[in-house]
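Coordinates in review
Residues per chain, in single letters:
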Amino acid sequence: MAKRIVIPFCIAVLLAVMGSSCNRQPVEPTPYNPANKEGIYLGVIGFNDHLYIKDISLLDGTTYNKFTSFVDNLVPGNGTALFYADYTALKKMKEYYKPKALKNVALVTFTDGLDNISTANSQYDPEGYGSTSAYRNALNDKIMNELIHGVRVSAYSIGLKGGDVTDEAQFMETLRKLASNDNNVFQVANMDEAMARFSEIASSLYSISTSVNLGVNVPGGYDDGQKLRFTFDDVNAAAQSTRFIEATYRRTSSSTRKLDNIIYYGLSQGQSAISSSSSQGAYYQFLFQGLAYLDGSPVSQTDMNNIKLWKQTSTGAWDKETEFNPASSTTVSEDKNSALIILVLDCTTSLGSDFANMQNSAKQFIGTLANVNNGGKRWIPVK
């Protein structure tokens, strides 16, 4: 008769644990993703017969100087590898990590001339387009039809016709092919106009990616039907304001309030009615979402700090609510999506003295996106 082998209980448990751990699948480490938060992800490419590349990375107040220093260090040279620069920009955006909450992909190109380098050899023409028109049409096809991380490309072109451009029709056709629609094509007469276009495009891209929300605490003791006005432009009388929100106060129940028939003056249209989101003692909070100017850019921190509350009297006059203080009566928050943007800059000697102006325009563009320009409508988000 065979002997029975008895394994002590503790050893059996140990063997079981060891066996299960040996059978476990190895845990794969989470891959590093430098685009793991919302924000503006920017790259810059300068071109003549060479490409000067600042690779894509998050743009904010801490990285802003790295981008502007790159632009400052660009140098003019001969040759115009325009198509190869845009080809490289699209390729780099496609190869880059997908930023969190990506909403916008944009290519912004500035040039003063016609391409004379991109079909020189396989270094500049890796897909073998072979002719200027074929290369240009292929780029347009990529812009119009290819998605980058599931998002269609918004492409803008700014053209300052240089003195060496004699074929204006071809120049305009190039600008059109490098844009995603005709509204994104800008032929400018001088660098002042170019700078204005850079600024407009940057403001638009920033606005698409950012929205500002304002919470205001209002006393709960107003009568039903009371007219209220919130002014944003630091006026001494409500009638002087050119940027305000007006609403009718409603007592909807014993515990909730509502702002009804809301009018936005000097601001883009928002919610027509808002119910109180919360109450704190005798005060009710109302949340205005996505506050923006008429051009779509978010309302500035300066204007937020200047908010005053007025109530209309029975005579139609407006009395200031003196106890309303923006510092204690308001909260400001920011909702951010992500944008993936590459700025492509002509660095050819044909720009002459305008080369420095081009650099300044590019730095202003970057500053607007980074939210660090002074005197404008940009503001650092409240955390």
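Along each chain, the written sequence defines residue order, and numbers are assigned to residues from 1. Per-residue local features of the predicted model are confined to residues with pLDDT of at least 70, and side-chain atom pairs are confined, for both listing and counting, to 80 or more; whole-chain, interface and lining totals are unaffected and use all residues. By convention in this description, side-chain values take in all heavy atoms of the structure and omit both hydrogens and water.

Concerning the pattern of salt bridges
When the charged atoms of two side chains lie near each other, side chains of opposite charge can form a pair. One speaks of a salt bridge when a side-chain nitrogen belonging to Lys or Arg is within 4 Å of a carboxyl oxygen belonging to Asp or Glu. In this structure the tally under the stated criterion is 14 salt bridges. Two residues, lysine 142 and glutamate 127, come together in a salt bridge whose shortest N-O distance is 3.6 Å. Residue lysine 142 is found in helix α4 (residues 132–145), and its partner glutamate 127 is found in the loop between β3 (102–111) and α4; the two are separated by 15 residues along the sequence. Lysine 142 gets classed as buried once you look at its relative accessible area, which sits at 15%. The partner of arginine 197 in a salt bridge is glutamate 200, with the nearest N and O atoms 3.0 Å apart. Pair noted here: arginine 197 and glutamate 200 are both in helix α6 (residues 191–209), with a separation of three residues, about one helical turn. For the exposure calls, accessible area comes from a 1.4 Å probe over protein chains only, and a residue counts as buried if that area is under 20% of its type's maximum, exposed if over 50%, partly exposed in between. The class of arginine 197 is partly exposed, set by a relative accessible area of 30%. Taking the relative accessible area as the measure of exposure, glutamate 200 reaches 42% and is therefore partly exposed. One continuous salt-bridge network, built from bridges that share partners, spans Lys94, Glu127, Lys142 and Glu146. Only DSSP runs of H or I covering at least 4 residues are called helices, and only runs of E covering at least 2 are called strands; the numbering of each starts at the N terminus.

Quick look at the sheet that holds strand β8 (residues 227–231)
Overall, antiparallel pairing links the six strands, which are arranged β11-β10-β9-β8-β14-β15 in an open sheet. Strands with a single pairing partner mark the edges of an open sheet, and in this sheet they are β11 (274–275) and β15 (318–320). Bridge count between strand β14 (residues 308–312) and β15: three bridges; the pairing is antiparallel. Bridge pairing in β15 places lysine 311 opposite aspartate 319. We call two strands paired when DSSP finds no fewer than two bridges between them.

Let's talk about the sheet that holds strand β7 (residues 210–219)
On the basis of which strands lie adjacent, the open sheet formed by four strands has the order β12-β13-β7-β16 and antiparallel pairing. Here the strands that pair on one side only, and so sit at the sheet edges, are β12 (278–280) and β16 (330–336). Sheet twist, expressed as the mean angle between neighbouring strand axes with direction ignored, is 25°. Throughout, a residue-residue contact means that at least one pair of heavy atoms, one from each residue, lies within 4.5 Å. To get an axis, a line is fitted to the C-alpha atoms, and for a helix only the part in contact is used. The angle between two axes follows their N-to-C directions and goes from 0 to 180 degrees. Contacting β7 and β16, α6 runs over the sheet at an angle of about 60° to β7.

Considering the packing of aromatic side chains
Working definition: rings of Phe, Tyr and Trp (its six-membered ring) pair if their centres are within 6.5 Å, and the pair is stacked with planes under 30 degrees apart, edge-to-face with planes over 60 apart, and tilted otherwise. Evaluation of the coordinates by the stated rule reveals 12 aromatic pairs. Measuring from ring centre to ring centre gives 5.9 Å for phenylalanine 230 and phenylalanine 288, while their planes differ by 70°; the resulting arrangement is edge-to-face. Of this pair, phenylalanine 230 sits in strand β8 while phenylalanine 288 sits in strand β13 (residues 283–288), and the two are 58 residues apart along the sequence. Judged by its relative accessible area of 2%, phenylalanine 230 falls in the buried class. A centroid spacing of 5.0 Å and a plane angle of 5° characterise the contact between phenylalanine 244 and tyrosine 265, whose relative ring orientation is stacked. In this pair, phenylalanine 244 is assigned in strand β9 (residues 244–250) and tyrosine 265 in strand β10 (residues 258–265), connecting sequence segments 21 residues apart. What makes phenylalanine 244 buried here is its relative accessible area of 8%. Taken together, the ring pairs connect Phe83, Tyr87, Tyr129 and Tyr135 into an aromatic cluster. Over the ring of phenylalanine 244 we find arginine 229, and its NZ or CZ is 3.9 Å from the ring centre. Here, over-ring charges are defined by two tests on the NZ atom of lysine or the CZ atom of arginine: distance to the ring centre within 6 Å, and angle to the ring normal within 35 degrees.

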